[in-house]
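Structural overview
The residues making up each chain are set out below.
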Amino acid sequence: MSKSSILILLVLLSIQILNAQSQQFYSMDKLALISPTNKSKGIKLGEDINKALQAFGQPNSVEDYPFETDGEMGKLYIFKGNKLFALHGKLDSYHLFNNSILVGKINGTTFKIGDMIKSTRKEIKNGPPGGPYQITVKESHTFLDFPITAGKDTGRNITFQYSSILPLINGNIKYDGSVHLYFDSTKKLVYIGASVVD
C-alpha cells in the first residue's frame, strides 16, 4: 500500500472518530416517566412495568402487542391516552400525548406535554464601518438541555415545526434507541417518545 493510500485511510478514520465523538447522546437517567402527584415515583426504560402501576395507578387498558422486529408478544398499557409498551415485563418504549405523565429525573428536573421552547432573536449587522448595513436576524431555540432543530416535518402521524431527536446512552452503553420531542408551530411540546434497543 502506498504512503498516499495510507494517509488517505488515516484521514478517513480520523473523520469517522471525530464524527462519532461529536454525536450527542441523551442519558436514559433523565428520561424517567414520573407521577405528577409524587415525583419520587417513576419508571425508567428497561425497568419492571409494575413500577408504572405504582406511579400511575391502574391503566385504562392493557392489550397484547406484537413486537414485530423481535417476533415476540408484549403488552401495551394505556394511561389516560399515553402509551407504554412492555416486553418481557420491562418498559421498552413509550408515546406521550398529554401532561398526565411527567418526564425527567426522579426527584429532579421534569418536563411535560404543553411546555414551551425558549427562543431568542439576535440582530446581526453586516457591512462596512459606518454603514450601510444589512441586518440579518438569527433565532436560536432551547428546551432544557435538548438541542432543538427548526423545520417542518411529520413523525408518528404528528406534523411538527421544531424537534429534538437524540440517541440514548446509559452510563457508557450506547443504544440503538432514541428520544423524540416534537413541538408545534407555537413552540409547544406536543409529543414525547422514547425507545431502547440493546
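Presented here is a report on the structure given in the accompanying data block. These numbers come from a predicted model, not from an experiment.

Turning to the packing of aromatic side chains, a few remarks are in order. Enumeration over the complete set of coordinates arrives at 11 aromatic pairs. Measuring from centroid to centroid gives 4.2 Å for Tyr26 and Phe146, while their planes differ by 20°, and the two rings are stacked. Taken together, the positions of Tyr26 in strand β1 (residues 26–27) and Phe146 in strand β12 (residues 146–147) put the pair 120 residues apart, joining distant regions of the chain. With respect to class, Tyr26 is no different from Phe146; both count as buried. Measuring from centroid to centroid gives 4.0 Å for Phe160 and Tyr182, while their planes differ by 10°, and the two rings are stacked. Of this pair, Phe160 sits in strand β14 (residues 158–170) while Tyr182 sits in strand β15 (residues 173–183); the two residues are 22 residues apart in sequence, bridging distant segments of the chain. In this structure an aromatic cluster arises from ring pairing among Tyr26, Phe111, Phe143, Phe146 and Phe183. Between the NZ or CZ atom of Lys125 and the centre of the ring of Tyr133, over which it lies, the distance is 5.2 Å.

The side chains of a regular strand alternate, first on one face of the sheet and then on the other. Pairing between β14 and β15: 8 bridges, direction antiparallel. Its bridge partner being in β15, Asn170 is matched across the sheet by Ile173. Hairpin geometry of β14 and β15 is characterised by an intervening segment of 2 residues between the two adjacent antiparallel strands and by a positive phi of about 65° at Gly171. Connecting β15 to the antiparallel partner strand β16 (residues 189–195) that follows it, the hairpin turn spans 5 residues, and Lys187 within it adopts a positive phi of roughly 75°.

Ranked by internal contacts, the top residues of the largest apolar core, which has 36 residues, are Leu33, Leu84, Tyr94 and Phe146. When residues in this core are grouped by element, the largest group, 4 residues, is from β15. Beyond its immediate chain neighbours, meaning those up to four positions away, Leu33 contacts Lys41, Gly42, Ile43, Phe56, Leu84, Leu91, Tyr94, Leu96, Ile101, Leu102 and Val103. Membership of the second largest hydrophobic core comes to 5 residues, among which are Phe67, Leu76, Ile78 and Leu87.

Here His95 lies in strand β7 (residues 90–96). Since its relative accessible area comes to 13%, His95 is described here as buried. In terms of polar contacts, His95 uses its side chain to reach the side chain of Tyr191, at 2.5 Å. Setting aside anything within four residues of it in sequence, one finds His95 in contact with Asn82, Lys83, Phe85, Arg156, Tyr191 and Ile192.

Okay, the pattern of salt bridges next. Throughout the structure, instances matching the rule amount to 7 salt bridges. Among the salt bridges present, the one from Lys187 reaches Glu139, with a minimum N-O distance of 3.3 Å. Here the residue Lys187 occupies a position in the loop between β15 and β16, and Glu139 occupies one in strand β11 (residues 134–143), the gap between them amounting to 48 residues. Of the residues examined, Glu139 reaches a relative accessible area of 35% and is grouped as partly exposed. Residues participating in the shared-partner salt-bridge network are Asp29, Lys44 and Lys105.

So, on to the sheet that holds β11. Pairing in this open sheet of 3 strands is antiparallel, and the strands run β10-β11-β12 from one edge to the other. Strands at the two margins of the open sheet, each flanked by one partner only, are β10 (118–126) and β12. Two elements, β10 and β11, share 9 bridges in a ladder whose sense is antiparallel. In the sheet register, Lys122 faces β11, and the bridge partner there is Lys138.

Bringing unusual backbone geometry into the picture now. One non-glycine residue, Leu144, lies in the positive phi region at around 50°. Relative to the helices and strands, Leu144 is located in the loop between β11 and β12. With a phi angle near 60°, Asn157 is a residue other than glycine that sits in the positive phi range. Examined against the element boundaries, Asn157 turns out to sit in the loop between β13 (149–155) and β14. Judged by its relative accessible area of 81%, Asn157 is exposed.

Criteria and thresholds
Residues numbered from 1 in each chain as written. Predicted model: local features only at pLDDT ≥ 70, side-chain atom pairs only at ≥ 80, totals over all residues. Heavy atoms only, no water. Phe/Tyr/Trp six-rings, centres within 6.5 Å; stacked < 30°, edge-to-face > 60°. Helix = DSSP H or I, 4+ residues; strand = E, 2+ residues; numbered from the N terminus. Buried < 20%, exposed > 50% of the residue type's maximum accessible area, 1.4 Å probe, protein only. Lys NZ or Arg CZ within 6 Å of the ring centre and 35° of its normal. Pairing = 2+ DSSP bridges. Core = buried A, V, L, I, M, F, W, Y, C linked by side-chain atoms within 4.5 Å. Contact = heavy atoms within 4.5 Å. Polar contact = N/O pair within 3.5 Å; in protein donor to acceptor, adjacent residues only side chain to side chain. Salt bridge = Lys/Arg side-chain N within 4 Å of Asp/Glu carboxyl O.

As far as function goes, none of this settles anything; it's purely spatial.
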